[in-house]
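Here is what each chain is made of, one letter per residue.
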Amino acid sequence: MASESNAVGIQELIGIVGKDRVSTDRELLLKYGRGGGLVPDGEPVCVVYPRDSEDIQRIVKLANAVGLNLVPRSSSIPGALGGAVPSGEGVIVDLSEMREIIRLDRRNKVALIEPGVTFGQLQAAAAAEGLKVLMPLIPGASGSVLASYLEREPITIPKYHWDMTDPLLCIEVIFGTGDMFRTGGAAGPGTLEEQWASGAAQKNPMGPAHTDFAKLVQGGQGTMGIVTWASVKLELLPRARRLFFIQAEDLGELQGFIYKALRLRLGDEFLVLNNFSLASILRENRERIGAMTRKQSTWTLVFCVAGYEYFPQERIAFQENDIREITRAFGLEMKEEIPGASAETMMRLLDNTAGGTHWKSRYSGGCRDIFFLTTLDRVAAFIEVMNKSLVTADYPMEEMGIYIQPIQHGRACHLEFNLPYDPDDINETEKVNNLLLRASEELLEAGAFFSRPYGPWARMAYARCPDSVEALKKVKGIVDPGGVMNRGKLCFTEEVRT
Amino acid sequence: MTLDDYRLDMMGCSRCSMCKWVPLNQVKSWRYARSCPSISKYNFHAYSGSGKMNVALSLLDGRIELDETVADIAYKCTLCGACDVSCKVYRDDIELCEVIEELRELCVTEGLLIPEHMIMIDSMKKEDNVFGEPKSERGNWAEGLGLKDVNSESADVLFHAGCRFSYDEDLRGKVRGSVRLLLDAGADIGIAGKEESCCGGRAYEVGYRGEMDNYADDVVARVKASGATVLVTPCSDCYSTFKYFYPRAGHELGVEVLHITEYIDRLVKDRRIALSHDVPLHVTYHDPCHLGRRGEPYLGKWEGDKLLRPLSRKRAGRNGIFDQPRDILKAIPGLKLSEMERVREYSWCCGAGGGVLEAHPDLALWSATERIREAGATGAEAIVTACPWCERSFIDAISEMGEEMAVYDLTELVTMSAGIGGE
Amino acid sequence: MMTDDVYREMESVVGEENISREPAILDSYAFQPFHRAEPGSWIHRPAAVVLPGSTGEVQQIVKICHRNKVSYKAHSTGWGAHSGPGKEGVIQIDLRRMDRILEIDEENMYVVVEPYAICAQVQAELMKRGLNLHIIGAGSSTSPLAACTSHMGMGFTGVSMGYSGRSVLGVEWVLPDGELLRLGSLGSGSGWFCGDGPGPSLRGIMRGWAGYDGGLGVFTGVAIKTFHWPGPREPEVEGLLFDTKTEVPDNFKVFLCYFPDYERWADAYYRIGEAEIAYIMSKNPIGAMIWAFTPHLMRKITDMPAIKTALKAAQHGCHVMIAANSPGDLDYQVKTLKRIIEETEGVLIDVKPPFESMLWWSGVRVSAVQAIFRPGGTFFVGLGGDEAVDNTMLQAKFGEKIKQDFIDRGLIYDDLADVMWGGLYEQGLFNHQEEIMIFNARDPRQAKAPEEFAKACARTAVEEHLGGIGFALFGGEKMHDLFSPVTSDYYKWEKKIKETWDPDDLSNQTFR
């Protein structure tokens, strides 16, 4: 947006949402523009807080008319990877105030939520109905459920992860053209109210018809349009549940067990942490995390078994028994207590959002994450690649967290490396940023699939799939021909050529 | 019947393509899931059972002309009936094989003739056999066996060797052994020798219906004159012709018709043949189409809505001769039988039938090769069957493939186990 | 258009034995009585048929078509009018030579297939490794690739394995201009395990609830999710269908469940889904079943109202198969099912041999449903889709009324107006229902029924907000005109997609 038209744009935005819903506060703009060293700092010209779909539709149409760059974000806290940092100038469309849970349906185990609804908020509402929100691993309390789902963050219960879109179902999106579109069962016929009256609950995530626009919006970092509400899957809050740990020094010892248990769809929450990540979750500060790390085995598999409405204890009993048999076959041992944590403690942690400082930042104040998708049998090889990068970068190996989250019933896994650093230390920041860049390149070279390519990963990831880039640009040309949605992100930049 | 009588059958095809596969219940692997040699080799849908019906309907509807392509589609088919079996798992009102037969007859009546078939028919007319071999040599195979000549004396059992066993020198030992086996069991056997004629089934299958009628009259007369009560044939093609085509065309033989495996099975069960010698072989059994699914007896014409036809009247291939050969093999001590994936009514064809061996030997060889591979996959060292046409096909395929597998007529193994020495 | 030069160019790619323009050959591709509303069984005759043997050959053929502005239409098993040309001058690409199973990854539970490997083949090979795949209701003679990339995707195992459109991992896709697009991890050189990303998932262009049925390029390979198979690796089964004999393994149980009304039936579905039990769950319409199994009997009872009423009492029900991984699992599932049936005032029939054998194996192999073609030769579905159970029950109620009217007018077979073939998906995410009506396309009066039936169903779906457009898609462009304005204008967007990737409609979409 040319500087002269900024003022015009802002005035028009004020005309749409009202004066008190547009901010040009310098401090705020600086916060929203911070790139954190991995992406250049952005230049937000204002922050606009729409109230509803209608506001958003008008904002997008305005953007097309005057050439604004709209950068949608659902949480008020900036993300670390630059997805919502404007490339150059941009209008931040902050959706955090659209936080209504429009409908919560116990019978159909579904909620219809606005983008600003947080995990904590939805969890409380769902629990009151005997339902449970599918969460990523200990998300921030103010984290937007919708943003997390739109970004395909992995959830901790692989048996509920059927397709990559889960737990997202239907969305209402305002495309970059300003057109409103509803996907899946929500598309119609009928308004939401009419659909509810006919027993529908926006549960079919596919289509409508031959195209699945939700899939094109998801993972799009706001480049295709702005999602104004979504239906999301909820699951039953277990009537009873038990948590177990299995520890091992070598990941290979766990691999066969994980494959077997997930294949039989045993277990609810099911994830693997290395000693440093586990300690970071269990303890609050650097010293205690260090001490706890040393007490743990290298790897800890955490899983729950649960019972629901029918014979909950019996369900737990047979699952526990079946799992125990598998552990025996693999020479492993299920425990309800590990150093520094009981099953209850761990369960409480997994069930809640992060309080205070996020667990990843507790050690050094900040954390850089590298995450991608792969299959479980290849995880060890990627860890080796990562370890080599650590050595080259002179980064202490024992201070790297590793989180392995099986997804899609165990067909693949999210592999995440957490690199704590002190954000106030310029040298350390630069060092970890360089490590992240170099390691990411090496991991990609080794076959890591960076399915969520934020910031610098976009260039690297899209260089490997020029055919996808060409197709994505065509999609973008359909839903955002004016290029008003979050410019310069993903492959929608001059840097990435087909 | 004419093709037009099958219009509703053809219109009723849902194009589901079941005709291309063994019945779904019985698909056991990726490799051996196909049932139809024709579509499996030529790939265009027209070559499937469904496709042939589509083509025939298109002809009737005047959408296409009867041309060489239609003939190619109609005749690059062993008429093995596998498509018909798979179709009838689900359908009562489609007689797929009969549509193909009518299509072929139309080709013949319209003068769209296959040169190799014309030669065969000419041979039949001249020498009463499909090979054009001298009629006078037809009975040579039985020299020295001391069989009765039914042209001059009566016998309980009329043994009809068929064209292939009568003239194929490579198979001669097999047919002679089988007769010796029956004699040893005390059967009163006669043959027609040089007066034995082709059954005419092959002519019928390639569309020359009148030819079969001529032979049927001849065979019926000879059977009656022989005074035999049982007609036994070691040839599955002849068997199917006698059991199904003859009565359907109104020719009643008036005697019990048995394939030699049925007859031997009786003799074994009656303890007239003792299977006492070990035959230490690992074998697999190939169901000849004309003995198995196409070996069902004719049960009369069904008038009216085929949907109301009782299942017992549906020619679904299940009432062919499947158990007797297996019972015999299982009774042979020391012999190990491993089944192929495609067996019984969903067996894969040897490739020889329906005029294919004569007109499209490459298809015949390909189909036989496919079967030998399937046999090899069981781990068996030999393939056993009960039809000289299948045996010829397999012998040729094995030779072409450079494989080691042995080919036995089932009677040979019985002969070994019964301790009847070779010649 | 298709000229001699174009033909010769394609011939040079596939060889003369794999291309034809002989009228007889072509007409075998023009007979498609199934899945179309219009009367008659002949569709447009293709201009030629070509049988490519590899992805490279498909690309070359498509590029020739693209260069010469010749339309083409690819199919795998080619069952249904949607797989044939929707206009004149179309080259039919028959993919039957591409029939391989390219890879089975046992640990990561997926199988990679070419277009013409059929479900029965893939299942047989998977079972040897203790795995299984979701097979669509049309049966195991269908192509899993087509179900995943191009068509729909409902089947008996939906409750435990989900819907085909959601079972897709990596995809190899020849775009309408002949260029290759590999989706997800495959496109990034990371293997077949994921079909989404980087960034937005192009699976969204590939298909929605349904696919484009060959209307947006050619799919040459797909990785499909597989699932644990707790049964025998090489099941020993005798018989072809109704005569099936086999030993049902101890860890399987087959039940028939019946409920007093739609409401309690729906309650049971919700509870079964929540309890996370069942391997197979399928409502099989009672009238259609009797037609399929014993058409003679059904003919006899159509004018016996009392008998019909008695039979229809079983309309609110389903077939449930339980497959357990341990004795504890089996006990739990059976006990839970019994409790649910008790709570919903249903009746549970523990199916015994020999019917158990048939239900077990035909359920797993999906080998019985094709008998629905037995009475009339074909059927049509006019109303149906996937949504919350309550919504699909409402669909069924309306469907029942619509169908009874057609039965009363003698336009379709009397199947007791019992509707709803379908079942739960993903342990209750949604329910599938479809309004099946049996008719005889050979009867000139009945042949016209689908068109009118489709319209009646579509009108009701729109007026009563019956969730999704579902099977209306087979009604053609007129249906889009009816639905699109009240369904987010989806057709406007689909047209944009089509125009972007295939502006000349070369990749022929039969029912646009």
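Here the structure is a predicted model, which means the values were calculated and not measured.

Parameters at a glance
- Residues numbered from 1 in each chain as written.
- Chains lettered and ligands numbered in written order.
- Predicted model: local features only at pLDDT ≥ 70, side-chain atom pairs only at ≥ 80, totals over all residues.
- Heavy atoms only, no water.
- Axes fitted to C-alpha atoms, helices over the stretch in contact; angles between N-to-C directions.
- Helix = DSSP H or I, 4+ residues; strand = E, 2+ residues; numbered from the N terminus.
- Parallel < 35°, antiparallel > 145°, perpendicular 65-115°, else oblique.
- Left-handed = near helix turned anticlockwise from the far one by under 90°.
- Contact = heavy atoms within 4.5 Å.
- Nonpolar A, V, L, I, M, F, W, Y, C, P; charged D, E, K, R; others polar.
- Domains from an automatic or database assignment.
- Buried area = accessible area lost by both parts, 1.4 Å probe.
- Salt bridge = Lys/Arg side-chain N within 4 Å of Asp/Glu carboxyl O.
- Polar contact = N/O pair within 3.5 Å; in protein donor to acceptor, adjacent residues only side chain to side chain.
- Expected span 1.5 Å × (residues − 1).
- Buried < 20%, exposed > 50% of the residue type's maximum accessible area, 1.4 Å probe, protein only.
- Arc of directions from axis to C-beta.
- Pairing = 2+ DSSP bridges.
- Lys, Arg positive; Asp, Glu negative; His and termini not counted.
- 1 Å grid on protein atoms, 1.4 Å probe; cavity = no way out; pocket = protein on both sides within 12 Å on 5 of 7 lines; lining within 4 Å.
- Points joined across faces, edges and corners; volume = space filled by probe spheres on them.
- Core = buried A, V, L, I, M, F, W, Y, C linked by side-chain atoms within 4.5 Å.
- Phe/Tyr/Trp six-rings, centres within 6.5 Å; stacked < 30°, edge-to-face > 60°.
- Lys NZ or Arg CZ within 6 Å of the ring centre and 35° of its normal.

> Would you take a moment to explain the packing of helix α9 (residues 172–184) of chain B against helix α18 (residues 410–418) of chain B for this structure?
The relative placement of two packed helices is expressed as an angle between their axes plus a distance between the axes. Residues and elements named next belong to chain B. The interhelical angle for the contact between α9 and α18, taken along N-to-C directions, is 50°, at an axis separation of 9 Å. Here α18 runs oblique to α9, going by the angle between their axes. At the point where α9 passes α18, the crossing takes the left-handed sense. Facing α9, whose interface residues are K174, G177, S178 and L181, α18 presents T411, E412, V414, T415 and A418. Tallied by class, residues from the contact of α9 with α18 come to three nonpolar, four polar and two charged.

> Before we go on, may I ask you to explain the domain arrangement of chain A in this structure?
By a widely used convention, the size of an interface equals the accessible area lost when the partners come together. All names here are of chain A. Assigned domains within chain A: domain 1 (3–94), domain 2 (101–236), domain 3 (240–351) and domain 4 (364–455). Averaged C-alpha coordinates put domain 1 and domain 4 at centres separated by 31 Å. Taken together, the contacts link seven residues of domain 1 with seven residues of domain 4. Contact between domain 1 and domain 4 buries roughly 600 Å² in total, counting both sides, with carbon and sulfur atoms accounting for 67%. At the boundary of domain 1 with domain 4, the tally comes to zero salt bridges. Counting every contact that joins domain 1 to domain 4 gives one residue pair in polar contact (both at pLDDT 80 or more).

> Sorry if this is basic, but what is going on with the arrangement of the chains here?
Sorting the two pairs of chains in contact by contact count puts chains A and C at the top. At their nearest point, the C-alpha atoms of chain A and chain B are still 23 Å apart, with no contact between the two.

> Is there a simple way to explain helix α13 (residues 379–393) of chain A in this structure?
Along an α-helix, residues three or four apart share an orientation, since each turn contains 3.6 residues. Residues and elements named next belong to chain A. For α13, spanning 15 residues, the distance from its first C-alpha to its last is 21 Å, which sits close to the expected 21 Å at 1.5 Å a residue. Among the residues making up α13, those that are buried are V379, F382, I383, V385, M386, S389, L390 and A393. Along α13, the residues classed as buried sweep out an arc of 160° about the axis, all on the same side. Residues K388, V391 and T392 are exposed on α13 and point more than 90 degrees away from its buried face. Of the surrounding secondary structure, the elements contacted by the buried residues of α13 are α8 (251–263), β13 (299–307), β17 (366–374), β18 (401–407), β19 (412–421) and α14 (426–445). Looking at the residues trailing α13, positive phi occurs at D394, about 55°.

> Is there a simple way to explain the sheet that holds strand β3 (residues 70–73) of chain A in this structure?
By way of backbone hydrogen bonds, the strands of a sheet pair with one another, either parallel or antiparallel. Strands sit in the order β1-β2-β4-β3 (chain A) across an open sheet of four strands; the sheet is mixed. Each end of this open sheet is capped by a strand with a single partner; those strands are β1 (22–23) and β3 of chain A.

> Just checking my understanding: could you explain the side chain of C:R36 for this structure?
Residues and elements named next belong to chain C. With respect to the helices and strands, R36 occurs in the loop between α2 (23–27) and β2 (48–50). In this structure, R36 is buried with no salt-bridge partner, the nearest side chain bearing the opposite charge being E38 at 4.1 Å. Here the side chain of R36 touches G40 through a polar contact of 2.4 Å, landing on its backbone oxygen. If sequence neighbours within four positions are ignored, R36 has contacts with S41, W42, I43, A81, F380, P450 and F511.

> Is there a simple way to think about the layout of surface pockets in this case?
A water-sized probe rolled over the atoms picks out the places where empty space is left. The space that makes up the second largest pocket amounts to roughly 920 Å³. In this structure, the second largest pocket is lined by 34 residues; those nearest its centre are B:Q26, B:K28, B:V343, B:Y346 and C:V237. Broken down by secondary-structure element, the contributors of at least two residues to the lining of the second largest pocket are α16 (361–377) of chain B together with α4 (119–127), β12 (237–238), β13 (245–246) and α13 (355–365) of chain C. For the lining of the second largest pocket, the class distribution of residues is 13 nonpolar, five polar and 16 charged.

> Whenever I open this one, the domain arrangement of chain B confuses me. Can you help?
All names here are of chain B. Domains assigned within chain B are domain 1 (1–113) and domain 2 (119–269). Summed over both sides, the interface of domain 1 with domain 2 buries roughly 780 Å², with 44% coming from carbon and sulfur. When residues of domain 1 are sorted by the area they lose upon contact with domain 2, E101, E105 and V108 head the list and together hold 50% of the total. Our count for the contact surface shared by domain 1 and domain 2 stands at four salt bridges. Among the salt bridges present, the one from E101 reaches R248, with a minimum N-O distance of 2.8 Å. At the junction of domain 1 and domain 2, the tally comes to five residue pairs in polar contact (both at pLDDT 80 or more). With six residues, the single largest contributor to the side of domain 1 that touches domain 2 is helix α6 (residues 96–109).

> What should I look at first to understand the nonpolar core in this one?
Counting residues in hydrophobic clusters, the biggest one holds 362 residues, and the most contacted among them are B:W141, B:F159, B:L253, B:I273, B:L413 and C:W173. B:W141 has contacts with B:L147, B:F159, B:A161, B:F165, B:S166, B:R172, B:V175, B:R176, B:V179 and B:I191, leaving out every residue within four places of it along the chain. Core analysis: the next-biggest nonpolar cluster, separate from the first, contains 58 residues, A:V272, A:I316, A:V379 and A:I383 among them.

> Just checking my understanding: could you explain the interface of chain C and chain B for this structure?
Chain C puts 63 residues into the contact, and the matching count from chain B is 57 residues. Where chain C abuts chain B, roughly 4,800 Å² becomes buried across the two surfaces, and 55% of that area is made up of carbon and sulfur atoms. Of the charged contacts in the structure, one is a salt bridge between B:R318 and C:D243, with a shortest N-O distance of 3.0 Å. Linking chain C to chain B there are 33 residue pairs in polar contact (both at pLDDT 80 or more). Listed by contribution, the elements that provide at least two residues to the side of chain C that touches chain B are β1 (19–20), α2, α4, β12, α10 (295–301) and α13 of chain C. Looking at the side of chain C that touches chain B residue by residue, the classes come out as 30 nonpolar, 16 polar and 17 charged.

> I tried to follow the packing of aromatic side chains on my own but got confused; where do I start?
What the rule picks out here adds up to 54 aromatic pairs over all chains. For the ring pair A:F371 and A:Y454, a centre distance of 6.1 Å and an interplane angle of 65° mean the geometry is edge-to-face. A residue pair is termed long-range when its members are at least 10 positions apart, and A:F371 in strand β17 and A:Y454 in the loop between α14 and α15 (455–463) qualify at 83 residues. Under the relative-accessibility criterion, A:F371 is labelled buried at 7%. Owing to a relative accessible area of 7%, A:Y454 belongs among the buried residues under this scheme. Positioned above the aromatic ring of B:W389, the side-chain terminus of B:R164 is 4.5 Å from the ring centre. Geometry around C:W493 places C:K496 over its ring, the cationic atom sitting 4.5 Å from the centre.

> Just checking my understanding: could you explain the environment of A:S148 for this structure?
All names here are of chain A. Counting through the fold element by element, S148 comes out in helix α5 (residues 145–150). Its relative accessible area of 3% is what places S148 among the buried residues. For the pair S148 and S23, spaced 125 residues apart in sequence, the C-alpha to C-alpha distance is 25 Å. In this structure, S148 is in contact with F119, P136 and E153, ignoring residues within four places of it in sequence.

> Can you walk me through helix α9 (residues 286–293) of chain C in this structure?
Residue and element names in this part refer to chain C. Counted residue by residue, α9 has six buried out of eight residues, so it is predominantly covered. When we look at burial in α9, the residues that qualify are I286, G287, A288, I290, W291 and A292. If you follow the buried residues of α9, they end up packed against α10, α11 (305–312) and β20 (430–440).

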